[in-house]
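Observations on the model geometry
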Amino acid sequence: MDVINIIEKLYKTNDASKEELLYLLDNIDENSKELLIKRANETRKKYYKNKVYMRGLIELTSFCKKDCLYCGLRRHNKNADRYRLTLDEILECVRKGDKLGYKTFVLQGGEDEYFTDNKMVEIIKAIKSEFPKNAITLSLGERSYDSYKKMYDAGADRYLLRHESASKELYESIHPGEPFEKRRNCLKNLKDIGYQAGAGFMVGIPGQTNEDLVNDLMFVKEFEPAMCGIGPFIPHKDTPLGNHEHGSLEKTVICLAIVRLLLPKVLLPATTALSSIDPKGREEGLKAGGNVIMPNLSPMSVRKKYSLYDNKAYILDEDAEYRTMIEKKINEAGYEVEVSRGDNPEFRK
Ligand code: 5AD
Ligand code: SF4
């Protein structure tokens with residue numbers, strides 16, 4: 001086996017075996033990494049030119065009933081500052097985003113039972129009645145089939161639910177009491193209902209091996225999500241994994257590039273976590289095939305409270321000046337801000 005051949009095979013066929021992916025991760029060096037990124041960038045250009053899609057992120061609630069070992073919002077973190085946005089506050093965020101030209105609003109939050117199906121349906125309908133052409137993406141964790149269905153019928157278009165890790169043992173070790181199969185089932189339900197579903201994983205989870213990452217890459221290839229969120233693990237001081245190192249920029253970028261080659265049409269964000277570990281993180285993510293950025297629209301007063309990990313980057317304020325700055329950076333990296341909805345070309349509701 002040879003690293004260069006594997007990259008060229010990925011580029012030409014959008015496929016590789018488990019063994020080839022493992023060989024690639026184990027043996028990639030500076031030169032071959034450069035080729036991988038070049039090929040990933042070419043692939044993204046084939047379908048998306050140099051467009052970068054903007055999604056306005058609204059962080060609904062920092063309450064969470066789960067206890068993921070890595071996350072600052074985990075139930076057992078007594079130091080977490082909890083908040084919930086009201087419908088009026090959510091609508092204000094959405095209007096702010098609309099003024100900035102965003103056509104997708106992402107409603108994200110911890111698993112908070114306060115946001116019942118009825119409450120979510122009310123929120124989704126309120127947003128859709130004011131902005132019928134805009135897309136709504138939900139990211140509210142694991143819920144029942146019925147709950148996903150009700151929110152879809154109310155007008156939600158997409159749902160992000162990272163699979164977090166495709167290795168059962170690693171998954172269950174960082175999600176105590178949470179069956180691996182349950183998450184897989186949620187992802188399947190989302191797809192069956194008709195959502196553009198987003199999967200994704202963290203790179204550099206303590207104890208994660210290249211074999212685990214190959215499982216993630218193989219799962220993504222097989223599940224074919226419309227979106228895929230990939231970011232480095234970053235420690236949060238008030239969690240059981242708080243003393244570990246963060247995942248590397250380099251490895252995250254390699255995984256982004258491989259996912260772009262495996263799924264040429266996937267919508268792939270250059271994540272906030274990537275910007276948080278390195279000032280060049282976002283640009284590196286775009287160069288490796290990323291084509292989505294999710295600027296934060298949450299009210300300034302709650303931003304610091306939505307603390308999944310330490311030193312989170314608070315990119316893009318609501319004011320227009322800041323938007324000019326982010327556009328300038330995107331342009332400098334050789335890309336262009338795209339204001340259309342940015343559905344995955346394979347999905348049309
Ligand atoms: N480091 C990196 N990513 C994290 N997430 C949660 N906590 C962390 C952390 N400490 C990610 C998870 C989740 C998404 C919303 O944020 O992958 O799915
Ligand atoms: Fe809750 Fe999500 Fe954090 Fe897990 S990762 S504790 S589900 S907010």
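Residues numbered from 1 in each chain as written. Chains lettered and ligands numbered in written order. Predicted model: local features only at pLDDT ≥ 70, side-chain atom pairs only at ≥ 80, totals over all residues. Heavy atoms only, no water.

In the annotation of an unreviewed UniProt entry, the protein chain is listed under the name [FeFe] hydrogenase H-cluster radical SAM maturase HydE and assigned to Paraclostridium tenue.

Below, the discussion takes up the overall build of the protein chain. Helix and strand content of the protein chain: 14 helices and nine strands. For the protein chain, the C-alpha radius of gyration of 19 Å lies close to 20 Å, the compact-globule estimate for 349 residues. The proportion of buried residues among the 349 residues of the protein chain is 62%. Taking as baseline every contact in the protein chain between residues at least 6 positions apart, the subset at least 24 positions apart corresponds to 73%. Put simply, the protein chain shows about 14700 Å² of open surface, and 49% of that area lies on carbon and sulfur atoms. Averaged over its 56 positive side-chain charges, the protein chain has a centre that lies 4 Å from the centre of its 55 negative ones. (Helix = DSSP H or I, 4+ residues; strand = E, 2+ residues; numbered from the N terminus. Rg over C-alpha atoms; globule rule 2.2 N^0.38 Å. Buried < 20%, exposed > 50% of the residue type's maximum accessible area, 1.4 Å probe, protein only. Contact = heavy atoms within 4.5 Å. Areas by Shrake-Rupley, 256 points an atom, 1.4 Å probe, with all protein chains shown as cover. Lys, Arg positive; Asp, Glu negative; His and termini not counted. Charge placed at Lys NZ, Arg CZ, Asp CG, Glu CD.)

On to the packing of helix H9 (residues 210-223) against helix H10 (residues 249-262). At a minimum axis distance of 10 Å, the contact between H9 and H10 shows a crossing angle of 30°. By the angle between their directions, the pair H9 and H10 is classed as roughly parallel. Where H9 crosses over H10, the handedness of that crossing is right-handed. Contacts between H9 and H10 involve Asn210, Leu213, Leu217, Val220 and Lys221 from the former and Lys251, Cys255, Ile258, Val259 and Leu262 from the latter. Each residue belonging to the contact of H9 with H10 can be placed in one class, and the counts come to seven nonpolar, one polar and two charged. (Axes fitted to C-alpha atoms, helices over the stretch in contact; angles between N-to-C directions. Parallel < 35°, antiparallel > 145°, perpendicular 65-115°, else oblique. Left-handed = near helix turned anticlockwise from the far one by under 90°. Nonpolar A, V, L, I, M, F, W, Y, C, P; charged D, E, K, R; others polar.)

Moving on, we come to the state of the cysteines. Overall, the coordinates contain zero disulfides when judged by the stated rule. Among the cysteines around cysteine 93, which has no disulfide bond, cysteine 64 carries the closest sulfur, lying 20 Å off. Taking the relative accessible area as the measure of exposure, cysteine 93 reaches 2% and is therefore buried. Of all cysteine sulfurs in the structure, the one in cysteine 68 sits closest to cysteine 186, which takes part in no disulfide; the separation is 13 Å. (Disulfide = S-S within 2.5 Å.)

All right, on to the site of ligand 1 then. What surrounds ligand 1 is the set Tyr70, Cys71, Gln108, Arg162, Glu164, Met202, Pro232, Phe233, Ile234, Leu308 and Tyr309. With respect to ligand 1, the side chain of arginine 162 contributes an N or O atom lying 2.9 Å from an oxygen atom. When ligand 1 sits alone it has 410 Å² of accessible area, and the protein chains cover 87% of it. (Near = heavy atom within 4 Å. Polar contact = N/O pair within 3.5 Å; in protein donor to acceptor, adjacent residues only side chain to side chain.)

What follows covers the sheet that holds strand S2 (residues 56-61). If you trace the six strands from one edge of the open sheet to the other, you get S2-S3-S4-S5-S6-S7, paired in parallel fashion. With partners counted over all chains shown, the strands left at the sheet margins are S2 and strand S7 (227-232), one partner each. Here the average twist between neighbouring strands, direction ignored, is 20°. Note: S2 against strand S3 (residues 104-109), five bridges, orientation parallel. What sits directly across from glycine 56, in S3, is phenylalanine 105. (Pairing = 2+ DSSP bridges.)

Backbone geometry follows two general trends: most residues other than glycine have a negative phi, and most peptide bonds adopt the trans configuration. Of note in the backbone geometry, glutamate 164 takes a positive phi value of approximately 70° without being a glycine. For glutamate 164, the location among the structural elements is in the loop between strand S5 (158-160) and helix H7 (168-174). The exposure class assigned to glutamate 164 is buried, which follows from its relative accessible area of 10%. Here the phi dihedral of glutamate 224 falls at roughly 50°; this positive angle occurs in a residue that is not glycine. Following the sequence through the fold, glutamate 224 ends up in the loop between H9 and S7.

Let us now look at the pattern of salt bridges. Summed over the entire model, instances satisfying the criterion amount to 31 salt bridges. Connected through shared salt-bridge partners, Lys66, Glu111, Glu142, Glu164, Glu178, Lys182 and Arg183 make up one network. (Salt bridge = Lys/Arg side-chain N within 4 Å of Asp/Glu carboxyl O.)

All right, on to the site of ligand 2 then. Neighbouring ligand 2 are Cys64, Lys66, Cys68, Tyr70, Cys71, Arg74 and Gly110. Residues belonging to the shell around ligand 2 are distributed by class as follows: four nonpolar, one polar and two charged.

When we look at burial in helix H1 (residues 3-13), the residues that qualify are Val3, Ile6, Ile7, Glu8 and Leu10. In the core, the buried residues of H1 are packed alongside helix H2 (18-27), helix H3 (30-48) and H10. Positive backbone phi, approximately 55°, marks asparagine 14, located one or two places after H1.

Turning our attention to the nonpolar core. One recurring pattern in soluble globular proteins: nonpolar side chains tend to sit buried together. Leu107, Met120, Leu138 and Tyr195 are the most contacted members of the largest nonpolar core, which totals 64 residues. With six residues, helix H5 (residues 117-130) is the largest single contributor of residues to this core. Counting 40 residues, the second-largest nonpolar core is a separate cluster that includes Leu24, Leu36, Cys228 and Ile258. (Core = buried A, V, L, I, M, F, W, Y, C linked by side-chain atoms within 4.5 Å.)

What follows is about the packing of aromatic side chains. Tallied over the full model, the rule gives eight aromatic pairs. Aromatic side chains tyrosine 114 and phenylalanine 115 sit 5.1 Å apart centroid to centroid with 80° between the ring planes, which places their arrangement in the edge-to-face category. Taking the relative accessible area as the measure of exposure, phenylalanine 115 reaches 3% and is therefore buried. Taking 5.5 Å as the distance between ring centres and 15° as the angle between the ring planes, the aromatic pair formed by phenylalanine 219 and phenylalanine 223 counts as stacked. Here phenylalanine 223 and phenylalanine 219 lie together in helix H9, a separation of four residues that amounts to about one turn. Note on accessibility: phenylalanine 219 and phenylalanine 223 belong to one class, buried. Site record: aromatic cluster; members linked through ring pairs are Tyr148, Tyr152, Tyr159 and Tyr195. The residue whose ring lies beneath arginine 84 is phenylalanine 63, and the NZ or CZ to ring-centre distance is 3.9 Å. Over the aromatic face of phenylalanine 223 sits the side chain of lysine 191, whose NZ or CZ is 4.4 Å from the ring centroid. (Phe/Tyr/Trp six-rings, centres within 6.5 Å; stacked < 30°, edge-to-face > 60°. Lys NZ or Arg CZ within 6 Å of the ring centre and 35° of its normal.)

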